[in-house]
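Examining the three-dimensional arrangement
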Amino acid sequence: MSTTTTDLTALAAALRAAVGPDRVLSDRQELRTYECDGLAQYKVVPALVALPADAAQCAAVVRACVAAGAPFVARGSGTGLSGGALPHADGVLIVTSQMRDILEVAPSDERAVVQPGVINLAVSRAANPHGWYYAPDPSSQQICSIGGNVAENSGGAHCLKYGFTTNHVTGVELVTPDGDRVRLGGRAPDAPGYDLLGAFVGSEGTLGIATEVTVRLTRLPESVRTLLAAFDSTDQAGAATSAIIAAGVVPAAVEMMDALAISAAEAAVHCGYPPGAGAVLIVELDGPEPEVAAQFDQVERLCRDNRAFEIRIAADDVERALFWKGRKSAFAAVGRISPDYIVQDGVIPRTALPEVLRRIGELSAERGIRVANVFHAGDGNLHPLVLFDAAVEGQTERAEEVSGAILDLCVRHGGSITGEHGVGMDKAKYMPRMFTADDLDTMQLLRCAFDPAGLANPGKVFPTPRLCGEVPGRRKGVHPAQEAGLAEVF
Ligand SMILES: Cc1cc2nc3c(=O)[nH]c(=O)nc-3n(C[C@H](O)[C@H](O)[C@H](O)COP(=O)(O)OP(=O)(O)OC[C@H]3O[C@@H](n4cnc5c(N)ncnc54)[C@H](O)[C@@H]3O)c2cc1C
């Protein structure tokens, strides 16, 4: 599928007619602003960018793309970490950042209705004065959009207790890949028939573009208590995590950092974690005061039983923020100890934590590639940070091997190749490690039912048919099989 120069001029004119001249970008310098998302190693300059102001304009943009046979890619804030919003060189990037109205906050109904470009944290800010908030809290919540959250089924530290985006979205209005406006779900908690809303959440822009989202609001907790426990090893911290959950306590969050992640965070934000810790856990409980008080004592005891050598309890919001500062800074902080790094995202059953972490340590030692571990321990969502120096010959390749081997470990232990960052462009090649060809064909049937022409975010989520067996690694330019006409990207 390709759009010729003449087609492009006509398409730009159609887009300008749809949204107005100021909302279409065609200047190469301006287009370059959008050449990547949060995974900056992949860059593609889109042919055109459209910034619709509302759902009607968004639908008109999609219809113009369909008429021109041009692929299109939705983009919210561009913070995605799997290349999901990577533009198509011959296509239109449809950016929702101008669709930022909070249409309704209805605490009596436990609902808010927002446009897709609304920033995650803005929903909580609007609901807080009423005593409510929006629970899914990706670490990027100050900048990522609700539309992006829906597309990625985003999670965050507190999703252990509250669930992921999919548990907090009850309705979506979307523009289908052929330009129709339809509604899936609504304000009610559930609807009869196939769960198409469930299919749409997490579909990474391949089934259409969300133009309005109805979310569930959650009551602000009466009480929040947080502790930081230091252990000699990740084994001990992992055992403490399992003991807490086995005791029937569901903390709002259980986060773990290993020694390397702690040293990076210390270098960056001086969070003052206990010196000499091989691992720290941050455990946060929230809910009614008596329940939190009783469970907090239990959690403290379970940490000690599993050989925590120091436990600190946040006395107030300031100290709590300090505990979280180290954790929240960890991704960026590794930039202090390594020039390059890969943020991996995989899931394992929580009980496999000690074994998988040990094997990651062995992989790291075998290949001479450092790995810092910082992750949502409560739900087994690992975020190994694979450190390397691209300037040193062979390190990039070895880092990518380690990164891929970690995903293999996750799959072998009954887990998943992604917990919350999505498949996007980056992990499409790993899908055959987790799913059979039949599984993937079945998923394609769903995708094709929504998008028979294959125009919505092509080349994402699914491996290209003939490239399924390719080994992981960076690829620059057009794949030789594509060039030879043996495979196509769709
Ligand atoms: C520092 C940092 C920390 C992060 N922490 C977390 C975390 O804790 N948890 C987590 O889950 N993620 C995290 N992320 C990843 C990212 O923020 C999330 O995936 C987020 O949901 C992406 O939102 P966005 O608006 O930036 O989407 P984009 O990056 O613009 O797009 C992401 C995907 O959504 C699609 N899309 C965007 N808008 C729409 C729409 N309206 N309709 C249909 N499809 C659409 C795009 O096509 C693309 O496939 C982090 C990222 C960074 C940079």
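Keep in mind it's a predicted model, so treat the numbers as computed, not measured.

Here we take up the sheet that holds strand β3 (residues 72-75). Pairing is mixed in the open sheet, where four strands are placed in the order β1-β2-β4-β3. With partners counted over all chains shown, the strands left at the sheet margins are β1 (24-25) and β3, one partner each. Taken together, the four bridges between β3 and strand β4 (residues 92-95) define a ladder with parallel strand orientation. Bridge pairing links Val73 to Leu93 in β4. Those strands touched by helix α3 (residues 55-68) are β2 (48-50), β3 and β4, and its axis lies near 170° from that of β4.

Another point: unusual backbone geometry. For Glu204, which is not glycine, the phi dihedral falls at a positive 55°. Considering the arrangement of structural elements, one finds Glu204 in the loop between α7 (196-200) and β10 (209-216). Since its relative accessible area comes to 9%, Glu204 is described here as buried. One non-glycine residue, Arg307, lies in positive phi territory at about 70°. Looking at where Arg307 falls in the secondary structure, it is placed in the loop between α10 (289-305) and β15 (310-313). According to the relative accessible area criterion, Arg307 is exposed, its value standing at 59%.

What follows deals with helix α13 (residues 395-412). The terminal C-alpha atoms of α13 lie 25 Å apart, and with 18 residues this matches the ideal 26 Å at 1.5 Å per residue to within 8%. Within α13, burial applies to Gln395, Thr396, Ala399, Glu400, Val402, Ser403, Gly404, Ala405, Ile406, Leu407, Leu409 and Cys410. A positive phi of about 85° marks Gly414, the residue just after α13.

It is worth spelling out the UniProt feature "domain: FAD-binding PCMH-type" (unreviewed entry) in the protein chain at this point. Following the UniProt record, one finds the feature "domain: FAD-binding PCMH-type" (unreviewed entry) at residues 42-220. Here residues 42-220 runs as 21% helix and 25% strand, with 39 Å between its end C-alpha atoms.

About the criteria used
- Residues numbered from 1 in each chain as written.
- Predicted model: local features only at pLDDT ≥ 70, side-chain atom pairs only at ≥ 80, totals over all residues.
- Heavy atoms only, no water.
- Pairing = 2+ DSSP bridges.
- Helix = DSSP H or I, 4+ residues; strand = E, 2+ residues; numbered from the N terminus.
- Contact = heavy atoms within 4.5 Å.
- Axes fitted to C-alpha atoms, helices over the stretch in contact; angles between N-to-C directions.
- Buried < 20%, exposed > 50% of the residue type's maximum accessible area, 1.4 Å probe, protein only.
- Expected span 1.5 Å × (residues − 1).
- UniProt positions renumbered as here; feature names shortened; annotations may be inferred.

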